[in-house]
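Observations on the three-dimensional arrangement
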Amino acid sequence: MPQTKNRSYYDVLGVDRKASQKEVSAAFRKLARKHHPDANAGDKAAEERFKEISEAHEVLSDPEKRKFYDAFGKDWQSARAAGIDPSQAGRAGPAGFGGFGGDGQRVEYRDISPEDFAELFGGAGGGQPFGDIFGSIFSGGRGRAPRTAPVEAEGTVRVTLQEAYRGTQRTVQMPDGRRLEVSVPAGVGEGTVLRVPGLRARVEIEPDPVFKREGRDVRVEVSVPLRTALLGGEVEVPTLKGTRVKLTVKPETQNGTRLRLRGLGMPGAKGGAAGDLYAEVKVRLPVPMDAATRAWAEQMPPGG
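Since the model is a prediction, treat every value here as computed from it, not as a measurement.

The subject of this paragraph is unusual backbone geometry. Put simply, Val287 and Pro288 share a cis peptide bond, and its omega is 0°. Within the fold, Pro288 resides in the loop between β11 (277-284) and α10 (291-299).

Attention shifts here to the environment of Val245. Positionally, Val245 belongs in strand β9 (residues 244-249). With a relative accessible area of 23%, Val245 lands in the partly exposed category. It is 9.3 Å that separates the C-alpha atoms of Val245 and Leu261, two residues lying 16 residues apart in sequence. Apart from residues no more than four positions distant in its own chain, Val245 is found in contact with Val235, Glu236, Val237, Thr239, Leu261 and Leu264.

This next bit is on the sheet that holds strand β10 (residues 258-261). Strand order in the open sheet formed by four strands is β6-β7-β11-β10, and the pairing between neighbours is mixed. In this open sheet, the two strands that pair with only one neighbour each are β6 (211-214) and β10. If you compare each strand with its neighbour and ignore which way they point, the axes differ by 35° on average. Pairing analysis gives four bridges linking β10 to β11, with the strands arranged antiparallel. Paired with Leu261 across the strands is Leu277, a residue of β11.

Procedures and definitions
- Residues numbered from 1 in each chain as written.
- Predicted model: local features only at pLDDT ≥ 70, side-chain atom pairs only at ≥ 80, totals over all residues.
- Heavy atoms only, no water.
- Helix = DSSP H or I, 4+ residues; strand = E, 2+ residues; numbered from the N terminus.
- Buried < 20%, exposed > 50% of the residue type's maximum accessible area, 1.4 Å probe, protein only.
- Contact = heavy atoms within 4.5 Å.
- Pairing = 2+ DSSP bridges.
- Axes fitted to C-alpha atoms, helices over the stretch in contact; angles between N-to-C directions.

Have a look at this one:
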């Protein structure tokens, strides 16, 4: 996961470190509406800001991830993947291995061998020693034969719906310090497991404030003036491509009607057919109402 530029996730969302999950989500929704690419067409700064707040929300909205982030800061993923207890943050390990200070500030760091790793986390208990388990990950091994099958770590790759639509890349930090590039294919679904040598990464897709995914189809609410709903006309509909398309609204279109735009949903897996985009009509009443509109409404029959 990319890291925000030298700012804590709390600063990115503008919330206190003691903020509740509800406060974190509320701050994200407010910022997401303001900086969403569809509301800032062509604004690269807004697009980067949206990615930044999405990244911060991904971590702080997940209690477990937040616990690791509070303890280890930017190194939370490595600590989590290594199975380190967040309550151990700030405690020195063997041979001077540095811990993490308050607010996730690293005190000291250096590479350690499998033996030091085993001493740090313990290898007793009748199971295989940690040194053997991690022997194939850390370089060297002090005489141990390399394992024939590499250790496969598990992780999570979180993306926005737009990134899931077009495909993207993610860099994942491994426990041994390696950084692996994970390709996220266009049209990827929630829960899909992506595999690269040494890593199984499960895809999680951020909730989007504008679009709602329904399998391969996508739904978006579209504001339609009352006059257009009654007499017909055209409205613009945002798409996951970042563009807007014209949609014809037939006369006497009811509120809540879904209008289909073929092929503008999520891409199909392995070249399959794309889903559709459904524009859900939300009739917009003329407020404030002028005298002519009021007179017209008063002439309508009850229930009409």
